[in-house]
Amino acid sequence: MSSSDGHAHSSRHPHLAEHFETIQQQDYAARLGMWLFLGTEVLLFAGLFLGYTVYRHFYHATWHACSQALNVWMGMGNTLVLISSSLTVALALWAVRVGKKNLAIGMLVFTIICAIGFLCIKYLEYKHKFELGELPGKWFRAEELMQYPAANMYFTIYFLTTGLHAFHVIVAMSVLIWVMKGIIKGRYTPDYFVPVELGALYWHLVDLVWIFLFPLLYLI
Amino acid sequence: MAEATTTDSAHANDAHQHSTKSYFVVWIILLACTVLTVLTGRTDLSHLFPSANIVLALTIAVIKASLVVWYFMHMREAAGTNRIVFVTSFVFLLVMIFGVFGDLWTRSPMTLPYHTPTTEGPEIMVPEGGHHAPAHHE
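Residues numbered from 1 in each chain as written. Chains lettered and ligands numbered in written order. Predicted model: local features only at pLDDT ≥ 70, side-chain atom pairs only at ≥ 80, totals over all residues.

Caption draft 1: Geometry of the overall build of chain A. Regarding its fold elements, chain A presents six helices and zero strands. Along chain A, helices and strands appear, N-terminal first, in the series α-α-α-α-α-α. Expected size for 220 residues packed as a compact globule is a radius of gyration near 17 Å; at 22 Å, chain A overshoots this value by more than 25%. By its C-alpha atoms, chain A is 80 × 30 × 25 Å across when sized along the principal axes. Going through the 220 residues of chain A one by one, you find that 37% of them count as buried. Nonlocal contacts in chain A, meaning residues at least 24 apart in sequence, comprise 70% of its contacts between residues at least 6 apart. (Helix = DSSP H or I, 4+ residues; strand = E, 2+ residues; numbered from the N terminus. Rg over C-alpha atoms; globule rule 2.2 N^0.38 Å. Buried ≥ 20, exposed ≤ 12 C-beta atoms within 10 Å, placed from the backbone. Contact = placed C-beta atoms within 7 Å.)

This is the structure:
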């Protein structure tokens, strides 16, 4: 649609929805909505962190022994993968804002590869846990941890938190693929990049949750 | 109008030109923090003070999270309302965690699930041979 017809709406932004006065107002509403959503996401994980805290307090020795049973190198590898992909998604947003389309696509491709890499490492970890029987509830059958009371509860919380997080990785990855399609089609430009920004914010949230999950589950 | 748009985006570009450097600096700090937390995480630091390990690990995690929120998530250029929203959710997170801690720290030992009355608590009363009053068997 051309915007050069010289009428009152000539300056109307092509991506501006009818119910907003200006593009600034629309961007402001979109960002506020996203931060509200991120706030609810923080509180969603907060419930699980709280469960972790309570059981850790009740079964301190169990928690210590079970966290030592996790593979710290895989956890560390996943932390490095997520931190680096957080950098590249931030660079992708910057590239869109300065109009470097190809750089933006390249950065998003790298981010998506990191997301897949994260899920592959997680898969290997889960597979190992299944082999050892370090599983939640009645499926728990790991001989060397049997002596610790409520060791199965540790793995309930481990699978709940990392599983919900992995689900977020998959959703965020899908959002980034969708955003990348928009960049390839030329929909997002230095004049209109808010969807890219919100997708990047969601990816950063995934990183943020992992920053807390990693030390709590693997280290202490 | 077209002119104004160009200046606006040029302005935004300027503001963003120098921030890629800060992204890389933040990334290096985040990597360093990760290595530091792994190195200290599985070393026993309890000779410093009882919960030194968890305090250090959470401090590093909070520093990392703040860097991600402030630089990568652009909180430093975000509107005031967005800051309030995010900070409020963290405040409620703390209220929730410390509210529960208030309960945990002030509990009577008998209400804790790991509590075994035979080793720490008052003596357990075992009924013997159908007697319902087990005290004084000697």
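Anyway, onward from the coordinates.
Caption draft 2: The arrangement of the interface of chain B and chain A in detail. Contact residues are listed per partner, giving 43 residues for chain B and 41 residues for chain A. Listing elements by their share of the side of chain B that touches chain A, those giving two or more residues are helix H1 (2-17), helix H2 (19-41), helix H3 (52-72) and helix H4 (80-105) of chain B. At 13 residues, the largest contribution of residues to the side of chain B that touches chain A is made by H4 of chain B. When grouped by side-chain class, the residues that make up the side of chain B that touches chain A number 27 nonpolar, 14 polar and two charged. (Nonpolar A, V, L, I, M, F, W, Y, C, P; charged D, E, K, R; others polar.)

Caption draft 3: Main features of the nonpolar core. In this structure, Ala92, Leu93, Val96 and Val206 of chain A are the most contacted members of the largest nonpolar core, which totals 75 residues. Elements with a minimum of two residues in this core: helix H1 (23-58), helix H2 (60-69), helix H3 (72-97), helix H4 (101-132), helix H5 (151-184) and helix H6 (194-219) of chain A together with H2 and H3 of chain B. With 17 residues, H6 of chain A is the single largest residue contributor to this core. (Core = buried A, V, L, I, M, F, W, Y, C linked by C-beta atoms within 7 Å.)

Caption draft 4: Just the packing of H1 of chain A against H5 of chain A, in detail. Residue and element names in this part refer to chain A. It is at 10 Å that the axes of H1 and H5 come closest, and there the two elements cross at 160 degrees. By the criterion of interaxial angle, the relationship of H1 to H5 is roughly antiparallel. Of the two elements, H1 crosses H5, and the hand of that crossing is left-handed. Residues Leu48, Gly51, Tyr52 and Tyr55 of H1 lie in contact with H5, whose contacting residues are Met153, Ile157, Leu160, Thr161 and Leu164. Here the residues of the contact of H1 with H5 are counted per class, giving seven nonpolar, two polar and no charged. (Axes fitted to C-alpha atoms, helices over the stretch in contact; angles between N-to-C directions. Parallel < 35°, antiparallel > 145°, perpendicular 65-115°, else oblique. Left-handed = near helix turned anticlockwise from the far one by under 90°.)

Caption draft 5: Quick look at the confidence of the model for chain A. This prediction gives chain A a mean pLDDT of 91; 95% of its residues lie at or above 70. With pLDDT under 50 throughout, residues 1-8 of chain A is counted as low confidence; its partners more than four residues away or in other chains account for seven contacts. (pLDDT = per-residue confidence, 0-100.)

Caption draft 6: Molecular detail of unusual backbone geometry. The residue Ala150 of chain A is not glycine, and still its phi comes out positive at about 60 degrees. Considering the arrangement of structural elements, one finds Ala150 of chain A in the loop between H4 and H5. Its 17 C-beta neighbours within 10 Å are what place Ala150 of chain A among the partly exposed residues. For His74 of chain B, which is not glycine, the phi torsion reads 60 degrees and is therefore positive.

Caption draft 7: Structural view of the environment of Tyr188 of chain A. Residue and element names in this part refer to chain A. As for its position among the elements, Tyr188 is in the loop between H5 and H6. Note on Tyr188: 24 C-beta atoms within 10 Å, which makes it buried. Along the chain, Tyr188 and Leu160 lie 28 residues apart, while their C-alpha atoms are 36 Å from each other. When neighbours within four sequence positions are excluded, Tyr188 is seen to be in contact with Val96, Gly182, Ile183, Phe193, Pro195 and Val196.

Caption draft 8: Quick look at H3 of chain B. In a regular helix each residue adds 1.5 Å, so 21 residues correspond to 30 Å; H3 of chain B covers 29 Å between its end C-alpha atoms and thus fits that length. Along H3 of chain B, the residues classified as buried are Asn53, Leu56, Ala57, Ile60, Ala61, Lys64, Leu67, Val68, Val69, Tyr71 and Phe72 of chain B. (Expected span 1.5 Å × (residues − 1).)

Caption draft 9: Geometry of the confidence of the model for chain B. All names here are of chain B. Confidence in the prediction for chain B averages 75 pLDDT; 68% of positions are at 70 or higher. Every residue in residues 1-13 scores below 50 in pLDDT, and together they form eight contacts with partners more than four places removed in sequence or on other chains. Ignoring residues within four places in sequence, the model shows residues 130-138, a span with pLDDT below 50, making six contacts including any to other chains.

Caption draft 10: Structural context of H3 of chain A. Residues and elements named next belong to chain A. End to end, H3 covers 38 Å across 26 residues, agreeing with the expected 38 Å (1.5 Å per residue, within 8%). Across the 26 residues of H3, 19 count as buried, placing the element largely inside the fold. Phi turns positive, to about 80 degrees, at Gly99, one or two residues after H3.

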